[in-house]
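# Architecture at a glance
Below, each chain spelled out in residue letters.
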Amino acid sequence: MTPEAAVQIIREALLAAFGLAAPLLLIGFGVGIVMNLVQVATSLQDSAFSTFPRLAAFLTGFIVLMPWMLKQLVAYTVGVFTAIAKYGH
C-alpha cells in the first residue's frame, strides 16, 4: 500500500465521520439557539430548561436518521474493505 492510498483511506474516514455527525450537530445547534432565545425572552436562567429539549432533539434526530446513517456507514465500510483488498497484496 502506498502512502497516498493510506492518506486517501484516512481522508475518507474523516469525511465519513463528519458526514455522520453533522446532521446531529446541526439539530443540537438549532435547538440550542431556539432554547436560548426562549430563555432570553422569558428571563429563565435554568440550565435544565435548555438541556432536556436538546437531549430530546438529539434522541429524536438519532432515531429518525439511524437508517440513513447505517446505510452511509455500510457503504463506507464496503469501500474500505474493497480498498484494502485492492492494495493489500
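The present account deals with the structure reproduced in this document. (Residues numbered from 1 in each chain as written. Predicted model: local features only at pLDDT ≥ 70, side-chain atom pairs only at ≥ 80, totals over all residues. Heavy atoms only, no water.)

Within the secondary structure, Ala5 is located in helix H1 (residues 3-42). When the C-alpha positions of Ala5 and Ala56 are compared, they lie 41 Å apart, and in sequence the two are 51 residues distant. (Helix = DSSP H or I, 4+ residues; strand = E, 2+ residues; numbered from the N terminus.)

Together, Leu59, Phe62, Ile63, Met66, Leu70 and Leu73 make up a nonpolar patch on the protein surface, roughly 540 Å² of accessible area in all. Here Leu59 lies in helix H2 (residues 47-87). (Patch = residues over 30% accessible without salt bridge, like charges linked within 9 Å, V, L, I, M, F, W, Y side chains within 5 Å. Areas by Shrake-Rupley, 256 points an atom, 1.4 Å probe, with all protein chains shown as cover. Salt bridge = Lys/Arg side-chain N within 4 Å of Asp/Glu carboxyl O.)

To continue, consider H1. Between the first and last C-alpha of H1 there are 56 Å, a value that for 40 residues agrees with the 58 Å anticipated at 1.5 Å per step. Maximal helix bending in H1 amounts to about 35°, located at Ala22; proline Pro23 follows within four positions. Within the span of H1, buried status applies to Ala5, Ile9, Leu20, Ala22, Leu24, Gly28, Gly32, Met35 and Gln39. Looking at the packing, one finds that the buried side of H1 touches H2. Downstream of H1 by one or two residues, Ser43 has phi in the positive range, about 60°. (Expected span 1.5 Å × (residues − 1). Bend = angle between axes of the 7 residues up to and from the residue. Buried < 20%, exposed > 50% of the residue type's maximum accessible area, 1.4 Å probe, protein only. Contact = heavy atoms within 4.5 Å.)

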